[in-house]
Amino acid sequence: MPMRIGRAAKARLEPPRLEIPMIKAVLFDLDGTIVDTESLSAKAWYLTADAMGFTIDDETIYSFIGLTRPVIIERYANKLGGPDRADEAFEMHYEYKFELAKTELRLMPGAEEALRTLSAQGFKLGLATSSARDIATRELEPFGLMELFSASTCGTEAPASKPQPDIYLVTAEKLGVAPSECAVVEDSFNGVRAGHAAGMRVFLIPDLVSPTPEIQSLCTRQLGSLHELPASIAQLNTEAAQ
């Protein structure tokens, strides 16, 4: 006769249910995630290289994505002709980028809809960008979106640049939300690594560079555009509530 296992004994044999916190805050990268600036930045770097007489390629430009100005200058000074020349190149790149942005700056597909929907649903929104604050403000103000963020951390305001988690941890602290209750929305490899290292759930929306298997493994979800974000977060919260 087969042995019958009582409910109490059966409960002891089953693995404990892993509690997954509800997402309460959504932290956004800016360039390539909310505003379509990465393609403008690439054009600006090529114009800078032509003007200053050095060579640059897509691989180098894409490796800049998600990094702060000091980190780029430190890592690529030799490639760009020394620290002073690298700083000059970075400044010229910004000037070209701003000129291009006057006529070519666009929001990423679904950006405004996603931000306004999540805000209306009661999620706290944070901005965590490697761009300096004046640049972030200049990029968002034309679209009237800066007011939707309850907290923001820009450029070197965090102790360390992406891919370190600092910028996301600082932003979550400003919002008063635990890292485990935060979602991160990113397009860059460095940003994905930062969000994952912060202990947050990462939503990747690729822009210029397709994700590697390593990057995909660090993400909770990979989406086609920001149009999909509110429903995806709602689904995760529904699953966490069950």
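Here goes a summary of the coordinates provided. What you are looking at is a predicted structure, and each value in this text was computed from that prediction instead of being measured.

### Some words on the packing of aromatic side chains
Under the defined criterion, the tally for this structure stands at six aromatic pairs. A centroid spacing of 6.3 Å and a plane angle of 75 degrees characterise the contact between Phe28 and Phe149, whose relative ring orientation is edge-to-face. One end of the pair, Phe28, is in strand β1 (residues 25-28); the other, Phe149, is in the loop between α7 (133-140) and β3 (151-154), with 121 residues separating them in the sequence. Of the two residues, Phe28 and Phe149, both sit in the buried class. Their ring planes at 75 degrees and their centres at 4.8 Å tell us that Phe64 and Tyr76 sit as a pair that is edge-to-face. Here the residue Phe64 occupies a position in the loop between α3 (58-63) and α4 (69-80), and Tyr76 occupies one in helix α4, the gap between them amounting to 12 residues. An identical accessibility class is assigned to Phe64 and Tyr76; each is buried. Put simply, the rings of Trp45, Phe64, Tyr76, Phe90, Tyr94 and Phe98 pair up and form one aromatic cluster.

### Focus: unusual backbone geometry
At the junction of Lys162 and Pro163, the peptide bond is cis and its omega measures out at 20 degrees in the coordinates. Looking at where Pro163 falls in the secondary structure, it is placed in the loop between β3 and α8 (166-175).

### Some words on the pairing of β3
The alternating pattern of β3 places Ala151 and Thr153 and Ser152 and Cys154 on opposite faces, both of which are buried. Examined bridge by bridge, strand β2 (residues 124-129) and β3 share four bridges and lie parallel to one another. Among the inter-strand pairings, Ala128 is bridged to a residue of β3, identified as Thr153.

### Here we look at the environment of Phe90
One can find Phe90 in helix α5 (residues 83-104). Between the alpha carbons of Phe90 and Leu80 there is a distance of 9.4 Å; along the sequence they are 10 residues apart. Residues within four places of Phe90 in sequence aside, it is in contact with Trp45, Arg69 and Ile72.

### Examining the side chain of Ser232
Examined against the element boundaries, Ser232 turns out to sit in helix α11 (residues 229-241). Excluding its chain neighbours within four sequence positions, the residues that come into contact with Ser232 are Phe203, Arg221 and Leu223.

Calculation rules
- Residues numbered from 1 in each chain as written.
- Predicted model: local features only at pLDDT ≥ 70, side-chain atom pairs only at ≥ 80, totals over all residues.
- Heavy atoms only, no water.
- Phe/Tyr/Trp six-rings, centres within 6.5 Å; stacked < 30°, edge-to-face > 60°.
- Helix = DSSP H or I, 4+ residues; strand = E, 2+ residues; numbered from the N terminus.
- Buried < 20%, exposed > 50% of the residue type's maximum accessible area, 1.4 Å probe, protein only.
- Pairing = 2+ DSSP bridges.
- Contact = heavy atoms within 4.5 Å.

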